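# Results of the structural survey
Chain residues, written in single-letter form:
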Amino acid sequence: LGMQKVKVPPIEEQKAIARILSTLDEKIELNNQINKTLENMAQAIFKQWFVDFEFPNEDGEPYKSSGGEMVESELGMIPKGWEVMDLSEISTNIITGKTPSTKVKENYGNEIPFVKIPDMHGNVYITKTESYLSKKGVHKNKIIPRNAIIVSCIATPGLVSIASEDCQTNQQINSLLLKDEKMCYFAYFKLIELADYIRTLGSTGSATLNLNKNEFSKIKIVVPEKRLIEKYYQSVKFSFEMILENMKSNEVLRNLRDTLLPKLMSGEIRVPLKEEGEVS
């Protein structure tokens, strides 16, 4: 077979292209590290307040170790004034997603993100999905609003993300539409805390792990007093907003990198190189 010639930029230009791309990759990685730190900080406060019950009391002292009153509940000892509730009791609705027929091509387009389990892995927020639905493919009663909590319940149960905008999910996912939007960060970490339990509930002995909506909605959690939910919301709100901004920024950077690479390599866009003798 004859050798096919491929046109490549000069070596100095190749090095300049590599520098541009590695700078974009470094910025993406930095954003990821910042996000992990922000999430860990918000989760540490969650654990201190809602797992160890060391939230600040009226005098600013840690509640449990300062002798705060604990009462018996079906989920063990909890602070006085807290309640045990089903997930259905903190939600206006729990929506199980649905996949529009893939045989009808017109169901898919760019109208609304369609969330599947691979879109959730390692993502606090859903900012990008592999598939999008068209207006025709959207189920009006299956729309998941911003700040709803999205939980995988089939195949890979126990993944948790937050909706960053209106979206829909497939049938492997249940979404909590919260009665109080200020509960979203508390509910996010509470469901992460329950991930192993959700996986256990989903292990029915069948090959596919499956937790149905009815069982999911009956999961019981300890719910703090409203003032504490609001205090926590205010404490971590900036961290979550920053996480979302960084995730959106990374989408822009990835698109830029993936669009630039072929154009730089083909010479459609040239990298300006410093003239000889010019100081770097």
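Check the entry above for the structure.
Below: a short report on this structure. The shown structure was predicted, so the numbers you read here are calculated from the model rather than taken from an experiment.

### Regarding the packing of helix α1 (residues 11-51) against helix α3 (residues 184-193)
- At a minimum axis distance of 10 Å, the contact between α1 and α3 shows a crossing angle of 80°. In terms of orientation, α1 and α3 fall into the roughly perpendicular class. Residues E39, A42, Q43, F46, F50 and V51 of α1 lie in contact with α3, whose contacting residues are F186, Y188, F189, K190, I192 and E193.
- Across the contact of α1 with α3, the residue classes tally to 8 nonpolar, 1 polar and 3 charged.

### Notes on unusual backbone geometry
- Residue N147 is not a glycine yet carries a positive backbone phi of 75°.
- Position of N147 among the secondary structure elements: in the loop between β7 (131-133) and β8 (149-152).
- What makes N147 buried here is its relative accessible area of 7%.
- Even without being a glycine, A155 presents a positive backbone phi close to 75°.
- Looking at where A155 falls in the secondary structure, it is placed in the loop between β8 and β9 (160-163).
- Accessibility expressed as a relative area gives 37% for A155, which makes it partly exposed.

### Concerning the sheet that holds strand β4 (residues 91-96)
- Ordered in space as β4-β11-β8-β9-β6, the 5 strands form an open sheet in which the pairing is mixed. Looking at the sheet topology across the chains shown, the edges are occupied by β4 and β6 (125-126).
- By the bridge criterion, 4 bridges tie β8 to strand β11 (residues 173-178) in an arrangement that is antiparallel. By the bridge assignment, I149 is partnered in β11 with L176.

### Structural notes on the packing of aromatic side chains
- Inspection of every chain in the model, using the stated rule, returns 19 aromatic pairs.
- Their ring planes at 85° and their centres at 5.4 Å tell us that F53 and W82 sit as a pair that is edge-to-face. Within this pair, whereas F53 is found in the loop between α1 and β1 (70-73), its partner W82 is found in the loop between β2 (76-79) and β3 (83-86), the two being separated by 29 residues in sequence. Here the two residues F53 and W82 agree in accessibility, since each one is buried.

Definitions and limits used
- Throughout this description, residue numbers start from 1 for each chain and increase along the sequence as written.
- Under the rules for a predicted model, residues below a pLDDT of 70 receive no local features and side-chain atom pairs below 80 are neither given nor counted, while totals for whole chains, interfaces and linings still include all residues.
- Side-chain numbers come from the whole structure's heavy atoms, not from hydrogens or water.
- Note on geometry: axes are C-alpha line fits, over the in-contact stretch for helices, and angles between N-to-C directions span 0 to 180 degrees.
- In DSSP terms, a helix is any run of H or I states spanning at least four residues, a strand is any run of E spanning at least two, and both are numbered starting from the N terminus.
- We call two directions roughly parallel when the angle between them is under 35 degrees, roughly antiparallel when it is over 145, roughly perpendicular when it lies between 65 and 115, and oblique otherwise.
- Any pair of residues with heavy atoms lying within 4.5 Å of one another is described as a contacting pair.
- Basically, the charged four are Asp, Glu, Lys and Arg, the nonpolar ten are Ala, Val, Leu, Ile, Met, Phe, Trp, Tyr, Cys and Pro, and anything else, Gly included, counts as polar.
- Exposure categories follow from relative accessible area, calculated using a 1.4 Å probe and restricted to protein chains: below 20% of the type maximum is buried, above 50% is exposed, and the middle band is partly exposed.
- Two strands pair if DSSP finds at least two bridges between them.
- Stacked, tilted and edge-to-face pairs are distinguished by plane angle, under 30 degrees for stacked and over 60 for edge-to-face with tilted covering the rest, among Phe, Tyr and Trp rings (Trp via its six-membered ring) whose centres lie within 6.5 Å.

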